Amino acid sequence: MAINRIMVIGAGQMGGGIAQVAAQSGLEVVLNDLKPEFIHRGLAVIAKNLSRSVEKERIAVAEKEAILGRIVPSTDLADAAAVDFVVEAASENMEIKSGIFRALDKAARPGVILATNTSSLPITEVAAVTSRPGSVIGMHFMNPVPVMPLVEVIRGIATTDATFATVDALARAMGKTPVEVNDAPGFISNRVLLPMINEAIFCVYEGVATPEAVDQVMKLGMNHPMGPLTLADFIGLDTCLAIMEVLHEGFADSKYRPCPLLRKMVKAGWLGKKSGKGFFEYA
């Protein structure tokens, strides 16, 4: 099945980025979210990103308008009936994702691939709520989507070779570099990244060093472009906690135990950049 029109579910940071990249590659995009204001907010961010590209003379004004013109809003999952591919980028919560995939399974035409942008939840479990588990796959974009080249393409236990090949080709058509991964807690990216971030939080929790010092050591000593605690703030501390809990539950290994300080900050509403305060403060 040729893929010309896709649905992106979730107009937040990840979903908006996926919609932008898809539209830039020439695809028609149906951007779905619960409320029109969520979509309008996402479209405003996309327009701002494209305006920066115009200012830097990477694209022309006419191209910006053409990209935006390829994105149409939707607040009804039934609109999946008119697309060739769906990628979900809703909250990192299995109950929410399962509900979405049950609805998509009913709405989307037979043979349409249903992908999830989950950063840690099991693809096999998501696929199990549908009647097409062979056509369900993980398509984990990195943040910020318009900038980062990687896409983890994650096979569930039932994902077919044809489904994988289609998504691999789609990622390449969107200008990304796909990497094949099998279904396991955290996949590759977050199984490696989040324990490092969690250990950095333990360093602060145990009084080993300040957040500034931890980040400086990792930037200057390990040549990381961004310190782990700044990165945690950027990801969202609630998301970091959710991923660590998936790892801890999935492997039943104490090395994945979320740091108590991480739990405390999330309970306080200190979620990082999106809340204005995390390990650092943001205007």
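The structure presented is a predicted model; accordingly, all values stated were derived computationally and were not measured.

This part is about the packing of helix H2 (residues 36–55) against helix H3 (residues 61–69). Contact geometry of H2 with H3 gives a least axis separation of 9 Å together with a crossing angle of 160°. Classified by the angle between their axes, H2 and H3 sit roughly antiparallel to one another. As for how H2 packs across H3, the hand of that crossing is right-handed. Where H2 approaches H3, its residues Ile-46, Ala-47, Leu-50, Ser-51 and Val-54 are matched on the opposing element by Val-61, Lys-64, Ile-67 and Leu-68. In terms of residue class, the contact of H2 with H3 is made up of 7 nonpolar, 1 polar and 1 charged.

One open sheet accounts for 8 strands, arranged E3-E2-E1-E4-E5-E6-E7-E8; its pairing is mixed. Two strands close off the open sheet at either side, each with one partner strand: strand E3 (71–74) and strand E8 (177–182). Across this sheet, the average inter-strand angle for adjacent strands is 25°, counted without regard to direction. The pairing of strand E6 (residues 136–141) with strand E7 (residues 150–155) spans 5 bridges and is antiparallel. Bridged to Gly-138 within E7 is Ile-154. This element, H2, spans strand E2 (28–32) and E3 of the sheet and lies at about 160° to E3.

Next up on the list: the UniProt feature "domain: 3-hydroxyacyl-CoA dehydrogenase NAD binding" (unreviewed entry) in the protein chain. In this structure's numbering, the residues bearing the UniProt feature "domain: 3-hydroxyacyl-CoA dehydrogenase NAD binding" (unreviewed entry) are residues 6–183. As annotated, residues 6–183 has a helix share of 41% and a strand share of 22%, and its two end C-alpha atoms lie 24 Å apart.

Before going further, it helps to spend a moment on unusual backbone geometry. In this structure, the amide linkage connecting Asn-143 to the following residue, Pro-144, adopts the cis form with an omega of 0°. By the element assignment, Pro-144 lies in the loop between E6 and E7. Of note, the phi angle at Glu-57 is positive, near 60°, even though the residue is not glycine. Examined against the element boundaries, Glu-57 turns out to sit in the loop between H2 and H3. Unlike most non-glycine residues, Asn-223 shows phi in positive territory, near 65°. In this structure Asn-223 comes out as exposed when scored by relative accessible area, which is 67%.

Turning next to the nonpolar core. Counting residues in hydrophobic clusters, the biggest one holds 36 residues, and the most contacted among them are Phe-85, Met-139 and Met-174. Element by element, the count of residues in this core is highest for helix H1 (residues 13–24), at 6 residues. Excluding residues within four positions of it along the chain, Met-174 makes contact with Ile-18, Val-21, Ala-22, Ser-25, Leu-27, Met-139 and Phe-141. One finds Val-86, Leu-121, Ile-123 and Ala-127 within the second-largest nonpolar core, a separate group that totals 23 residues.

Reading guide: rules and limits
- Residues numbered from 1 in each chain as written.
- Predicted model: local features only at pLDDT ≥ 70, side-chain atom pairs only at ≥ 80, totals over all residues.
- Heavy atoms only, no water.
- Axes fitted to C-alpha atoms, helices over the stretch in contact; angles between N-to-C directions.
- Helix = DSSP H or I, 4+ residues; strand = E, 2+ residues; numbered from the N terminus.
- Parallel < 35°, antiparallel > 145°, perpendicular 65-115°, else oblique.
- Left-handed = near helix turned anticlockwise from the far one by under 90°.
- Contact = heavy atoms within 4.5 Å.
- Nonpolar A, V, L, I, M, F, W, Y, C, P; charged D, E, K, R; others polar.
- Pairing = 2+ DSSP bridges.
- UniProt positions renumbered as here; feature names shortened; annotations may be inferred.
- Buried < 20%, exposed > 50% of the residue type's maximum accessible area, 1.4 Å probe, protein only.
- Core = buried A, V, L, I, M, F, W, Y, C linked by side-chain atoms within 4.5 Å.

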